[in-house]
Amino acid sequence: LVPGVVPEVGGKVVFTRDINAAGKSKDQLYKVLASFAALRFEANATRGDWREPNFFRNIDYAKVTEADKNTGKLTAQGAEEMIFSNKALAKDFTHVYYRFTAQAEDGKIQLKMDNIAYVYVGSQETERIPAEDWITDKEAINKKGQLRRISGKFRVKTVDLFNELADEIAELAK
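Not measured: the values here are computed from a predicted model.

**Q** Quick rundown of the environment of Gly-152? Include the residues and the values.
**A** With respect to the secondary-structure elements, Gly-152 resides in helix H3 (residues 149-172). Residue class for Gly-152 comes out buried when judged on its relative accessible area of 4%. It is 9.8 Å that separates the C-alpha atoms of Gly-152 and Asn-142, two residues lying 10 residues apart in sequence.

Spelled out as C-alpha cells, the structure:
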C-alpha cells in the first residue's frame, strides 16, 4: 500500500469516512447502524468461510458499548481474529481490538475507527502492539518504499477491515 494510506491524527492511527445518505433522516440511519452493529459486533459471532477475504470471527470482547438513539451515536468494541493465512497445520493470525464509532445525522453517517491494537498469537511471546507501533508509514514501509513482511500484512488487513466495515454501512444506508 502507498504511503499515507494509514491516517494519523496527533500521533494516533485514526481511520475516518463520511457516508452520504441524502434523503435519509437521522433516525433512519441510526436504525441501519444499530441493526448492523448488533450483528457485526456480537461476541463469538462468525461470518463467511475462513478462505474468503471478508471472513471474520469475533472473540469474547466484541460488543456494542454505546447506543444513543437521541444523539444518533453508536460505539462498539471490535475484537476479532484477523487471519493472514490458514494452511493444513499452520494458521497465521492475530487478534485485533479497536473502537468503532458511527454518528448518524440527517443525510450522512460519520465513521471512525481508532484505538487499534493487536495481540499476535503467532509470535513467540504474546504481547499487545498498538497500531501506532506497527502499521504506520514509519513502521511498515522500508527505505525502498516497500512494505515490510510482517508489519505490512497487519497494515493491509487493517486498511481492508476498515474499508469493509465502511462499505457495508454505505451499502445498507442507500
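Anyway, onward from the coordinates.
**Q** Describe the pattern of salt bridges, with residues and values.
**A** Taken as a whole, this structure holds 8 salt bridges when the rule is applied. Where Glu-105 meets Lys-108, a salt bridge forms, and the shortest distance between an N and an O atom there is 4.0 Å. The network of salt bridges with common partners includes Arg-99, Lys-112 and Asp-114.

**Q** I'd like a rundown of the nonpolar core, residues and numbers included.
**A** Counting residues in each nonpolar core, the largest one holds 36 residues, and the members touching the most others are Tyr-98, Phe-100, Ile-109, Leu-111, Met-113 and Ile-116. Elements with a contribution of two residues or more to this core: strand E3 (15-20), helix H1 (26-40), strand E7 (73-87), strand E8 (90-105), strand E9 (108-120) and H3. Per-element tally for this core: the top contributor is H3, with 7 residues. Those residues in contact with Phe-100, other than ones at most four positions away along the chain, are Phe-41, Leu-74, Thr-75, Ala-76, Leu-111, Lys-112, Met-113, Phe-162, Leu-165 and Ile-169. The next biggest cluster of nonpolar side chains, apart from the first, holds 5 residues, and it includes Ile-59, Ala-79, Tyr-97 and Val-119.

The rules behind these values
Residues numbered from 1 in each chain as written. Predicted model: local features only at pLDDT ≥ 70, side-chain atom pairs only at ≥ 80, totals over all residues. Heavy atoms only, no water. Helix = DSSP H or I, 4+ residues; strand = E, 2+ residues; numbered from the N terminus. Buried < 20%, exposed > 50% of the residue type's maximum accessible area, 1.4 Å probe, protein only. Salt bridge = Lys/Arg side-chain N within 4 Å of Asp/Glu carboxyl O. Core = buried A, V, L, I, M, F, W, Y, C linked by side-chain atoms within 4.5 Å. Contact = heavy atoms within 4.5 Å.

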